[in-house]
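Coordinate inspection notes
Below are the chains, spelled out letter by letter.
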Amino acid sequence: MFNSKKYIFLIVSILMLFSSCNLKNRFYDDINENILKIHFINVGQGDSTLLQFNNKNLLIDSGPLNSFENTIKYLKKLKVKQLDYVIATHPHEDHIGAMSEIIKTFEVKKFYAPKVTSNTDYFYNMIKELKKSNIKINIAKDQIKLPFDAKIKCVFLSPNSSNYTNLNNYSAVLKITYGRCNFLFTGDAESLVEQEILDKRYNISCQVLKLGHHGSSTSTCDQFLEKTSPNVAIASCGKNNIFNHPNKKTLQKLAEKGVKLYRTDIDGTIVLVCNGSNIKKSN
Ligand SMILES: [Zn+2]
């Protein structure tokens, strides 16, 4: 009697072990598991970047209003229903113009923005939609951590001050670390902010740098490029834009350093995938 009980117990244990193995295999078969995907969405002249990790979505900027339909279409194609985190880097139209439409369309869980206002319709529309949806603004500033995922470190490196004269310099600068891989998202932060970040002696070395201010000459100063020393740089800009972004001098500096450049005006939407050890362009 004792022995037969023991056998049954043994068989049940083996069956349980098999079923848990199957479950485990299915778990690891899912190629998206623990893969960080970064979509630099082609929004014309502007910025909008989606980060996805283990079914969570983080959107940095919405792009301008004139591209909102395409941006929303792109997010819907990815089956995005909810944006767990949204960052409005600074209140310029090319970064927050489509934000009210984004908030209307997707469920936004947590919203971050620097403590600065703008006397414009698109800024008021964004605030109106946030209020309607009862979403409060978390202040983005130096050293604030964004709890995206336990496996990924997200920390703001800027703004460092509350009285910049140029709105670009209020840009929320975000550093993301996944395993051995580092990414820097700089909004439109200009050299003044880059110098502030350098002065703080943060470790800003990264594989991927989203160039500040669409690759304008006002950003990516020599020392900042030296310290970040990226393998890949991204310029988010519109085709034949009137600002001549990215700037020729910036392109030259990147070429001299052997940095691979991708541009949304030439490459369209750029998708990078990262497993914590390597980064690949997936499209
Ligand atoms: Zn901009």
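The structure this text deals with has already been given above.
The structure reproduced in this document is the subject of the present report.

Tallied over the full model, the rule gives six aromatic pairs. Between the aromatic rings of Phe-40 and Phe-185, the centroid separation amounts to 6.1 Å while the plane-to-plane angle is 25°, which identifies the pairing as stacked. Linking Phe-40 in strand S1 (residues 36-40) with Phe-185 in strand S9 (residues 181-185), this pair joins segments that are 145 residues apart in sequence. Per residue, the accessibility class of Phe-40 equals that of Phe-185, and both read buried.

Before going further, it helps to examine the coordination of the zinc ion. The coordination sphere of the zinc ion contains the protein donors Asp-94 (OD), His-95 (NE2), Asp-188 (OD) and His-214 (NE2), at a distance range of 2.1 Å. Counting along the primary sequence, the residues that act as donors to the zinc ion give the motif D-H-x92-D-x25-H. Remark: Asp-188 occurs in the loop between S9 and helix H6 (191-199) and Asp-94 occurs in helix H3 (residues 93-96); sequence separation between them is 94 residues. Given a relative accessible area of 16%, Asp-94 falls into the buried group.

Turning to helix H8 (residues 248-256), a few remarks are in order. In this structure Asn-247 caps H8, since a side-chain oxygen of it lies 2.8 Å from the backbone nitrogen of Lys-249. A positive backbone phi angle near 70° is found at Gly-258, which sits one or two residues after H8.

Turning next to unusual backbone geometry. Glycine aside, the phi torsion of most residues is negative, and most peptide linkages are trans. The linkage connecting Ser-158 with the following residue, Pro-159, adopts the cis geometry, with an omega of 5°. Of note, Pro-159 is situated in the loop between strand S7 (152-158) and strand S8 (173-178). A cis amide bond links His-245 to the next residue, Pro-246, at an omega of -5°. Relative to the helices and strands, Pro-246 is located in the loop between strand S11 (232-235) and H8. In this structure, Arg-201 takes a positive phi of about 60° despite not being glycine. Of the residues examined, Arg-201 reaches a relative accessible area of 75% and is grouped as exposed.

To continue, consider the sheet that holds strand S6 (residues 137-139). Ordered by their spatial adjacency, eight strands build an open sheet running S6-S5-S4-S3-S2-S1-S13-S14, and the pairing between neighbours is mixed. Of all the strands in the sheet, just S6 and strand S14 (279-281) have a single pairing partner and so form its edges. The sheet shows a mean angle of 20° between the axes of neighbouring strands, taken without regard to direction. As judged from the five bridges shared by strand S4 (residues 82-87) and strand S5 (residues 107-113), these two strands associate in the parallel manner. Bridge pairing links Ile-87 to Tyr-112 in S5.

The next thing to look at is the state of the cysteines. Inspection of the entire model under this criterion finds zero disulfides. Not engaged in a disulfide, the cysteine Cys-274 finds its nearest cysteine sulfur in Cys-181; these two sulfurs lie 3.5 Å apart. Classification of Cys-274 as buried rests on a relative accessible area of 1%.

Right, let's get into the nonpolar core. Grouped together as the largest cluster of nonpolar side chains are 30 residues, with contacts concentrated most on Leu-36, Phe-148 and Ile-176. Excluding its chain neighbours within four sequence positions, the residues that come into contact with Ile-176 are Leu-36, Leu-51, Leu-58, Ile-152, Lys-153, Cys-154, Cys-181, Asn-182, Phe-183 and Phe-185. Grouped together as the second largest cluster of nonpolar side chains are 25 residues, Val-116, Ala-189, Leu-209 and Leu-225 included.

Here we take up the environment of Thr-218. Structurally, Thr-218 is set in the loop between strand S10 (208-210) and helix H7 (222-228). Since its relative accessible area comes to 29%, Thr-218 is described here as partly exposed. Thr-218 sits 27 residues away from Ser-191 along the chain, and the two C-alpha atoms are 6.1 Å apart. Excluding residues within four positions of it along the chain, Thr-218 makes contact with Glu-190, Ser-191 and His-213. One polar contact links Thr-218 to Ser-216, side chain to side chain, over a distance of 2.8 Å.

Quick look at the side chain of Asp-188 now. Salt bridges are absent for the buried Asp-188, whose nearest opposite-charge side chain, Lys-210, sits at 4.8 Å. A polar side-chain atom of Asp-188 sits 3.5 Å from the main-chain amide nitrogen of His-213. Looking at Asp-188, its side chain comes within polar contact range of the side chain of His-214, at 3.2 Å. Setting aside chain neighbours within four positions, we find Asp-188 in contact with His-90, His-92, Asp-94, His-95, Asn-168, Ser-171, His-213, His-214 and Ser-219.

Let us now look at the pattern of salt bridges. One pass over the structure, following the stated rule, counts nine salt bridges. For Glu-129, the salt bridge identified is with Lys-132, shortest N-O distance 3.5 Å. Within this pair, Glu-129 and its partner Lys-132 are both found in helix H5 (residues 121-132), separated by three residues, close to a single helical turn. A residue is classified by how much of its surface remains accessible, and Glu-129, at 6% relative accessible area, is buried.

Cut-offs applied
- Residues numbered from 1 in each chain as written.
- Predicted model: local features only at pLDDT ≥ 70, side-chain atom pairs only at ≥ 80, totals over all residues.
- Heavy atoms only, no water.
- Phe/Tyr/Trp six-rings, centres within 6.5 Å; stacked < 30°, edge-to-face > 60°.
- Helix = DSSP H or I, 4+ residues; strand = E, 2+ residues; numbered from the N terminus.
- Buried < 20%, exposed > 50% of the residue type's maximum accessible area, 1.4 Å probe, protein only.
- Donors = N, O, S within 2.8 Å, 3.2 Å for Na, K, Ca; no water.
- Polar contact = N/O pair within 3.5 Å; in protein donor to acceptor, adjacent residues only side chain to side chain.
- Pairing = 2+ DSSP bridges.
- Axes fitted to C-alpha atoms, helices over the stretch in contact; angles between N-to-C directions.
- Disulfide = S-S within 2.5 Å.
- Core = buried A, V, L, I, M, F, W, Y, C linked by side-chain atoms within 4.5 Å.
- Contact = heavy atoms within 4.5 Å.
- Lys, Arg positive; Asp, Glu negative; His and termini not counted.
- Salt bridge = Lys/Arg side-chain N within 4 Å of Asp/Glu carboxyl O.

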